[in-house]
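# Structure assessment
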Amino acid sequence: MSFTTILLLLLVVGYSLYTKASKTAAAAMESTGRDSSEEEQDGMLFDETPLPENDNEYFTYETEVSTTPKRKVSEYKPRPAAAAIVEEPAAPQFDLRQAVIAQVILDNKYINEINQ
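What comes next concerns the included structure. (Residues numbered from 1 in each chain as written. Predicted model: local features only at pLDDT ≥ 70, side-chain atom pairs only at ≥ 80, totals over all residues. Heavy atoms only, no water.)

Right, let's get into the overall build of the chain. Summing up its helical and strand segments, the chain has three helices and two strands in all. Reading the secondary structure of the chain in the N-to-C direction produces α-β-β-α-α. Relative to its 116 residues, the chain shows a buried fraction of 1%. Looking at the chain as shown, the accessible area adds up to about 12,800 Å², and 58% of this sits on carbon and sulfur atoms. (Helix = DSSP H or I, 4+ residues; strand = E, 2+ residues; numbered from the N terminus. Buried < 20%, exposed > 50% of the residue type's maximum accessible area, 1.4 Å probe, protein only. Areas by Shrake-Rupley, 256 points an atom, 1.4 Å probe, with all protein chains shown as cover.)

Have a look at this one:
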């Protein structure tokens, strides 16, 4: 197949999928019962239902009734002290990096004083 044939097939399939998706979206909008007053603006749906009016012009927590569960106060029970673990002093371990550096310094073939 040539490139144009493949491109034409992709366009036809894409258009058919687009029309099918737009029909299902329209059916979904009708089934949810959204009015034309809820127009999309910048990708957001706005509902024009009025907000309830309150005496206060601002929200405060003073008028809210909250129920917080109370914790039980239990007696403090000290835990038994764990036996202190005595760590042995670490034995000096072989450090390969230091060994390589020392070997390069001792076997320096560019300094004649060492090689004699």
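A grouping of Met-1, Ile-6, Leu-9 and Leu-10 is seen on the molecular surface, where their side chains present a nonpolar patch of about 470 Å² in accessible area. Among the secondary structure elements, Leu-10 is positioned in helix α1 (residues 3-32). (Patch = residues over 30% accessible without salt bridge, like charges linked within 9 Å, V, L, I, M, F, W, Y side chains within 5 Å. Salt bridge = Lys/Arg side-chain N within 4 Å of Asp/Glu carboxyl O.)

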